[in-house]
Amino acid sequence: MNCIRKSFDSFYDLFRPFLFFISKNDPHRAHELFVEFSRIIHGLKLERFLLDNETNYNKRKITLSNAAGFNKNGSISPLFLKYLGFDRVVIGTVTGERWKGNSRPHILRLIESESLINWMGLPGIGASHVRRNLMKFQNSEIPITINIAPTPHKRGEDALRDLEKTVDALKIFSCVDRFELNISCPNTEADRNNYHKELKSLINAVQISMNDYQKLYIKLSPDLLEHEIDETVSVIQAMHVDGIVTTNTTTQHSYQKGGASGELLYERSFAIQKHFYERLKNTHVKIVACGGINSLTRLNERINYGAQEIQIFTPLIFNGPRLLRELRDDI
Ligand SMILES: Cc1cc2nc3c(=O)[nH]c(=O)nc-3n(C[C@H](O)[C@H](O)[C@H](O)COP(=O)(O)O)c2cc1C
């Protein structure tokens, strides 16, 4: 089995320059092709044969999952992602209503610095359509996190009702054991300051809607200021939030717009993780590390500062599925 997986990984390495070339004016196209590929493999029930490898599920020191944005609408089979090498699948950001987001191209691929800049603006098909996608993949054998945010044009009470609508639509699945509240998207008009003022009500809206066994994590920005970190910590503790994800993309880069991920994000997201770890290390709050984690060294750095889970997106595009196999082989 292992040699089939290694050949699959090498195939991606060979195919990547061509994939980057045909999608150079619109990198989103590469992701669409990947989603199509996953559909074909799942349709032919080939994932176990093609993607599994001997070490996949033997040693589990840490949970690996895809980061939000990778499977926005839940259209990739969770089984496919499991055999690719993930222990958990993240779907979203899901919003209550369908949202178009910004027009394409809305992603810039920076090959030399192995980074992406995106200003997608939370496009998505809306909670009820995501629910339909998930219905198709019942019994997925892998826990699922739903990353959620209010539909970007909603404010105040409307935003809260919108969040509740999403939770109501998706909490019915037994594999959905976690919601991840995205309060850190840099690409929508709902600005961060507003979210911080409204954080308690947003958290409350999710908590009262979800089932008892479901957990709530919040996904944080790497660009938080010292006082914002303190405020967030006190809200997390007061509201009994179960965990945090450090971090979303950063607006601190030299391009005109959007949020940076991958290499350009690594140091900033690690720094924020350390700040939260110092403040939360003696509490029940779990830490999920996210941002530029492309090697075992980086994974260990993040574990040393409290991470119990790792989320990956951009490094997977540049390193291919080999990254997941190699991380699993070594941890
Ligand atoms: C193209 C793209 C789309 C993204 N969409 C979302 C999203 O919808 N919701 C969200 O919370 N984060 C989103 N993110 C942020 C990622 O989940 C992650 O936090 C960030 O990319 C850092 O991880 P990475 O360096 O492994 O990519 C997106 C990132 C990229 C590159």
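Quick caveat: nothing in here was measured; it's all calculated off a predicted structure.

Asks: Help me understand the packing of aromatic side chains, please; the structure alone is not making it clear to me.
Replies: For any pair of aromatic rings, the description consists of the separation of the ring centres together with the inter-plane angle of the planes. Scanning the model with the defined rule gives 12 aromatic pairs in all. On the numbers, 5.7 Å between centres and 50 degrees between planes, the contact of Phe15 with Phe18 is tilted. On the criterion of helical spacing, the pair formed by Phe15 and Phe18 is a turn pair, its members being three residues apart in helix α1 (residues 2-22). Consider the rings of Phe34 and Phe70, whose centres lie 5.4 Å apart with planes at 50 degrees: the pair is tilted. In this pair, Phe34 sits in helix α2 (residues 28-43) while Phe70 sits in the loop between β1 (63-66) and α4 (78-84), placing the two residues 36 residues apart along the sequence. On the basis of relative accessible area, Phe70 is assigned to the buried category, the value being 4%. Members of the aromatic cluster, joined through ring pairs, are Phe8, Phe34, Phe37, Phe70, Phe80, Phe86 and Phe313.

Asks: In this structure, what is going on with helix α6 (residues 156-170)? I would like to understand it.
Replies: One full turn of an α-helix is made of 3.6 residues, so residues set three or four places apart face in the same direction. In this model α6 runs 22 Å from its N-terminal to its C-terminal C-alpha over 15 residues, within 8% of the 21 Å that 1.5 Å per residue would give. All of the buried residues along α6 are Ala159, Leu160, Asp162, Leu163, Glu164, Thr166, Val167, Ala169 and Leu170.

Asks: How should I be thinking about the sheet that holds strand β3 (residues 107-110) in this particular structure?
Replies: Through backbone hydrogen bonds, the strands of a sheet pair up, either in parallel or in antiparallel fashion. Strand order in the open sheet made by the three strands is β3-β4-β9, with antiparallel pairing throughout. Both outer strands of the open sheet, β3 and β9 (259-262), are each paired with one neighbouring strand and no more. With strand direction ignored, the average angle separating the axes of adjacent strands in the sheet is 20 degrees.

Asks: In this structure, what is going on with the pairing of strand β11 (residues 307-312)? I would like to understand it.
Replies: Walk down a regular strand and you will see the side chains alternate between the two sheet faces. The buried fraction of β11 amounts to five of the six residues, a majority that puts the element mostly inside the structure. Pairing analysis gives four bridges linking β1 to β11, with the strands arranged parallel. Paired with Asn66 across the bridge in β11 is Ile312. With four bridges connecting them, strand β10 (residues 286-290) and β11 associate as parallel partners. Within the sheet, the bridge partner assigned to Ala289 lies in β11 and is Ile310. Tracing the backbone out of β10, into helix α10 (residues 296-304) and back to the parallel element β11 gives a crossover that is right-handed.

Asks: I'm lost on the packing of helix α9 (residues 266-280) against α10 in this one. Help?
Replies: The interhelical angle for the contact between α9 and α10, taken along N-to-C directions, is 20 degrees, at an axis separation of 10 Å. By the angle between their axes, α9 is roughly parallel relative to α10. Across the interface between the two elements, Tyr266, Ser269, Phe270, Gln273 and Tyr277 of α9 pack against Arg298, Glu301, Arg302 and Asn304 of α10. Split by residue class, the contact of α9 with α10 holds three nonpolar, three polar and three charged.

Asks: Just checking my understanding: could you explain the side chain of Asn71 for this structure?
Replies: Within the element layout of this structure, Asn71 appears in the loop between β1 and α4. In this structure Asn71 touches Asn66, Ile76, Leu81, Val89, Val90, Ile91 and Gly92, once residues within four positions along its chain are discounted.

Asks: Would you mind showing me how to read the side chain of Arg178 here?
Replies: Looking at the element boundaries, Arg178 is found in strand β6 (residues 176-182). A distance of 3.4 Å separates polar atoms of two side chains, one belonging to Arg178 and the other to Tyr217. Other than its neighbours up to four places away in sequence, Arg178 contacts Arg88, Ile144, Thr145, Ile146, Lys215, Tyr217, Val288 and Glu309.

Asks: Looking at this structure, how should I read empty space enclosed by the protein?
Replies: If you roll a probe as big as a water molecule over the atoms, it shows you where there is empty space left. Inspection of the entire model under this criterion finds two cavities of 30 Å³ or more. The computed volume of the second largest cavity comes to approximately 40 Å³. The wall of the second largest cavity is formed by Glu114, Gly262, Glu263, Gly292, Asn294, Thr314, Pro315 and Asn319. The element best represented in the lining of the second largest cavity is helix α11 (residues 314-319), accounting for three residues.

Asks: Looking at this model, I keep getting lost on the site of the ligand. Mind explaining?
Replies: As a matter of local geometry, the ligand sits amid 27 residues, with Ala68, Lys72, Thr93, Lys219 and Thr314 nearest to it. Lys72 places a polar side-chain atom, nitrogen or oxygen, 2.7 Å from an oxygen atom of the ligand. Coverage of the ligand by the protein chains reaches 97% of its 610 Å² of free accessible surface. Mapped by element, the contributors of at least two residues to the shell around the ligand are β2 (89-94), β4 (115-118), β9 and α11. Taken together, the residues of the shell around the ligand sort by class into 11 nonpolar, 14 polar and two charged.

So, how was this worked out
- Residues numbered from 1 in each chain as written.
- Predicted model: local features only at pLDDT ≥ 70, side-chain atom pairs only at ≥ 80, totals over all residues.
- Heavy atoms only, no water.
- Phe/Tyr/Trp six-rings, centres within 6.5 Å; stacked < 30°, edge-to-face > 60°.
- Helix = DSSP H or I, 4+ residues; strand = E, 2+ residues; numbered from the N terminus.
- Buried < 20%, exposed > 50% of the residue type's maximum accessible area, 1.4 Å probe, protein only.
- Expected span 1.5 Å × (residues − 1).
- Pairing = 2+ DSSP bridges.
- Axes fitted to C-alpha atoms, helices over the stretch in contact; angles between N-to-C directions.
- Right-handed = clockwise from strand over helix to strand, strands pointing away.
- Parallel < 35°, antiparallel > 145°, perpendicular 65-115°, else oblique.
- Contact = heavy atoms within 4.5 Å.
- Nonpolar A, V, L, I, M, F, W, Y, C, P; charged D, E, K, R; others polar.
- Polar contact = N/O pair within 3.5 Å; in protein donor to acceptor, adjacent residues only side chain to side chain.
- 1 Å grid on protein atoms, 1.4 Å probe; cavity = no way out; pocket = protein on both sides within 12 Å on 5 of 7 lines; lining within 4 Å.
- Points joined across faces, edges and corners; volume = space filled by probe spheres on them.
- Near = heavy atom within 4 Å.
- Areas by Shrake-Rupley, 256 points an atom, 1.4 Å probe, with all protein chains shown as cover.

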